[in-house]
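Next come the chains, spelled out residue by residue.
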Amino acid sequence: MLILMYPDGSQSFESRFGYPASKEVIEKGSGWVEEFYCSACDGKSEIADVDEKLCNVCGSSNLVDLSQSEGKPCPRCGSGIVVRKPSLLSI
């Protein structure tokens, strides 16, 4: 079982992301997880960098990497611009 460490404790990969860690995640242990927007179902998915890029909600591959979308048109409406909201952990 892969355990992820957070400032307020730890939890299993599956309980955090809703799907079991792939063999690649367990072996590489990179820990990089990105948030993706699905244009097929309007859902958001957090997917490990080495996992196949499929929506956790509907299984579609029509995903937009939100970490690479800052300053670009909104993938949902096309008229807004994506801005990054700073997290409490940002330096």
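The coordinates are above.
Overview of the structure. Worth saying up front: this structure is predicted, and the values here are computed from it rather than measured. (Residues numbered from 1 in each chain as written. Predicted model: local features only at pLDDT ≥ 70, side-chain atom pairs only at ≥ 80, totals over all residues. Heavy atoms only, no water.)

1. A few points about the overall build of the chain
Working step 1: Along its length, the chain carries 2 helices and 5 strands.
Working step 2: Going from N to C terminus, the chain has its helices and strands arranged as β-β-α-α-β-β-β.
Working step 3: A buried classification covers 23% of the 91 residues belonging to the chain.
Working step 4: Within the chain, contacts between residues separated by at least 24 positions form 28% of all contacts whose residues are at least 6 apart in sequence.
Working step 5: Accessible surface, the chain: about 6600 Å² in total, of which carbon and sulfur atoms supply 53%. (Helix = DSSP H or I, 4+ residues; strand = E, 2+ residues; numbered from the N terminus. Buried < 20%, exposed > 50% of the residue type's maximum accessible area, 1.4 Å probe, protein only. Contact = heavy atoms within 4.5 Å. Areas by Shrake-Rupley, 256 points an atom, 1.4 Å probe, with all protein chains shown as cover.)

2. A short note on the pairing of strand S4 (residues 44-48)
Working step 1: Sheet topology note: the strand S3 (residues 33-38)/S4 ladder contains 5 bridges and is antiparallel. Each bridged residue has a counterpart across the sheet, and for Phe36 the counterpart in S4 is Ser45. (Pairing = 2+ DSSP bridges.)

3. Some words on the pattern of salt bridges
Working step 1: Per the stated rule, a full pass over the model turns up 2 salt bridges.
Working step 2: The partner of Lys44 in a salt bridge is Glu35, and the shortest N-O contact between them spans 3.6 Å.
Working step 3: We note a salt bridge from Asp42 to Arg76, for which the minimum N-O separation is 3.6 Å. With Asp42 in the loop between S3 and S4 and Arg76 in the segment after strand S5 (63-65), the pair connects residues that are 34 residues apart, well separated along the chain.
Working step 4: Take Asp42: its relative accessible area is 41%, and that puts it in the partly exposed class.
Working step 5: The class of Arg76 is exposed, set by a relative accessible area of 62%. (Salt bridge = Lys/Arg side-chain N within 4 Å of Asp/Glu carboxyl O.)

4. As for the sheet that holds S4
Working step 1: Read from one edge to the other, the open sheet built from 3 strands follows the order S4-S3-S5, with strand pairing classed as antiparallel. Single-partner strands in this sheet number two, and they are S4 and S5. Between one strand axis and the next, the sheet turns through 40 degrees on average, direction left out of account.
Working step 2: Where S3 meets S5, 3 bridges bridge the pair, whose relative direction is antiparallel. Counterpart to Cys38 in the pairing with S5 is Leu63. (Axes fitted to C-alpha atoms, helices over the stretch in contact; angles between N-to-C directions.)

5. Remarks on the nonpolar core
Working step 1: With 11 residues, the main nonpolar core is built from Phe13, Phe17, Tyr19, Ala21, Val25, Phe36, Cys38, Ile47, Ala48, Cys55 and Leu63.
Working step 2: Of all the secondary-structure elements, those providing two or more residues to this core are helix H1 (13-17), S3 and S4.
Working step 3: Ignoring sequence-local partners within four residues, the contact set of Leu63 consists of Phe36, Tyr37, Cys38, Ile47, Lys53, Leu54 and Cys55. (Core = buried A, V, L, I, M, F, W, Y, C linked by side-chain atoms within 4.5 Å.)

6. Some thoughts on the environment of Glu35
Working step 1: Relative to the elements of secondary structure, Glu35 occurs in strand S3.
Working step 2: A sequence separation of 33 residues divides Glu35 from Gln68, and the C-alpha atoms of the two residues are 9.9 Å apart.
Working step 3: Not counting chain neighbours up to four residues away, the residues in contact with Glu35 comprise Lys44, Ser45, Glu46, Val64, Asp65, Leu66 and Ser67.

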